[in-house]
Amino acid sequence: MSNVETRPDQVVCRSGGLPGPQCDQQGRAPVEIITARDVPLGGPRAMTVRRTLPQRQRSLIGPWCFVDHYGPEDVSRSGGMDVAPHPHTGLQTVSWLFEGAIQHIDSGGNAGLVLPGEVNLMTAGRGICHSEVSTEETTTLHGVQLWLALPDSSRHQRERAFEHYAPQVRAVDGGELLVFLGELWGESSPVTTHSPLLGAEIRLNPGASIDLPVNPDFEHGLLVDDGDVALENVALPVAAIGYTGVGLNELRIANRGETPARLLLLGGEPFTEEIVMWWNFVGRSHEEIVEYRQEWQDHSDRFGIVEGYVGRGGPGRNAEGLGRLPAPDLPETPIPARKNPPPQVQGGEDETYEETQF
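Counting from 1, residues in each chain are numbered in the order their sequence is written. With the structure being a predicted model, the display of local features is reserved for residues of pLDDT at least 70 and the display and counting of side-chain atom pairs for 80 or more, all residues being used for whole-chain, interface and lining totals. The side-chain numbers reported here are obtained from all heavy atoms of the structure, hydrogens and water having been left aside.

The chain carries the name Pirin family protein in an unreviewed UniProt entry, which gives Brevibacterium casei as its organism. Taken verbatim from the UniProt record of the chain, the Sequence similarities (unreviewed entry) comment is "Belongs to the pirin family." UniProt positions are given in the numbering used here, feature names are shortened, and annotations may be inferred rather than shown by experiment.

Right under this line is the structure:
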């Protein structure tokens, strides 16, 4: 998925808030709540997504640097997803659906359907471009689009890699889980990643509670898709992420409601490299971003060409008539590196972090 905002802004990022004193944690770990902001995904009939990362209070959770959560949406009314070819550098895109189907085509010669419960992972390396269009048969679209920042050791790779994996459903007491990246509770994914990390969907039955064993070297974020959910006895709003820092051996997750709950658990070792992230590019300096943008505008071989894109406007065109997304204008001042807060829950308002927000 692309970031289609045409005027990326710079903001000052502050540390996140802790739950209020009315929360009875009973000796459990503190939780930082990261709320979402609504972002239109292009055009007058834009599909709105809820973006929780990057956010003012935190830019990354492990190497996870971008989280868009969307739907369930009646795409017969909204027009659905129609993202014309657009570039990426220095990251992996992770597509995970709950409902619907999306056609993916990239400049590595890869094409495939994103389907519920099946992960599609695309590695940009030094450069790739791709398109994403919800299929004509899709009436409801519901899922997440995620990005992983690549470490410096692998961000320059020339291979435009693409992997697909359908994890088995693992039954646990009170629900089930699907591990699409990394390892959790004895389940593991064969998909290639470049940092120690975790991605899993968790489904909890009404009234169920689990103490989930996790890697203490990881920081974790729990995204609520649906349900009356508490993490470490802290109530989490739907579409928000509950963040816990490193050092925990387990996470207590409860569904306090009378209907099933669905969650996404993202984790990883803290990503210690500073990154510069703007539009659809991840780099290490303002100068790199300027170079990437110019090469995209110049139709450089760095990104290649998407063959076979068919959007709402017909072959090779989206609903706005675009055959590829133009890069927005750069800000007037240099883009600073993202300096993430330490991998512990932030509870005060006395610390600030300079960031460049989308």
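K.L.:
What am I meant to see in the sheet that holds strand β8 (residues 102-106) here?
P.N.:
Pairing between the strands of a sheet is mediated by backbone hydrogen bonds and can be parallel or antiparallel. Only strands joined by at least two bridges in the DSSP assignment are considered to pair. For the purposes of this entry, the term helix denotes a DSSP run of H or I that reaches at least four residues, the term strand denotes a run of E that reaches at least two, and both are numbered from the N terminus. Strand order in the open sheet formed by four strands is β6-β11-β8-β9, with antiparallel pairing between adjacent strands. Only two strands of the sheet have a single neighbouring strand rather than two, namely β6 (82-88) and β9 (111-114). Across the sheet, the mean angle from the axis of one strand to that of its neighbour is 20°, orientation sign disregarded. Sheet analysis places β8 next to β9, joined by four bridges and oriented antiparallel. Paired with His104 across the two strands is Gly112, which belongs to β9. A fitted line through C-alpha atoms represents every axis, and for helices the fit uses only the stretch in contact; the resulting angles, taken between N-to-C directions, go from 0 to 180 degrees.

K.L.:
Is there a simple way to explain the packing of aromatic side chains in this structure?
P.N.:
Two rings belonging to Phe, Tyr or Trp (six-membered ring only in the last case) form a pair when the distance between their centres is within 6.5 Å. Interplanar angles under 30 degrees mark stacking, angles over 60 mark edge-to-face geometry, and anything in between is tilted. Tallied over the full model, the rule gives eight aromatic pairs. The interplanar angle of 55° and the centroid separation of 6.4 Å between the aromatic rings of Trp278 and Trp279 together place this pair among those described as tilted. Both residues of the pair, Trp278 and Trp279, belong to the buried class. Taken together, a centroid distance of 5.6 Å and an interplanar angle of 80° make the contact between Trp279 and Phe281 edge-to-face. These aromatic residues form a ring-pair network of at least three members: Trp278, Trp279, Phe281, Tyr292, Trp296 and Phe303. Criterion for a charge above a ring: Arg CZ or Lys NZ at most 6 Å from the ring centre, at most 35 degrees from the ring normal. Sitting over the face of the ring of Trp296, Arg324 holds its NZ or CZ atom 3.6 Å from the ring centroid. Residue burial is assigned from relative accessible area. The probe radius is 1.4 Å, only protein chains are included, and a residue is buried under 20% of its type maximum, exposed over 50%, and partly exposed in between.

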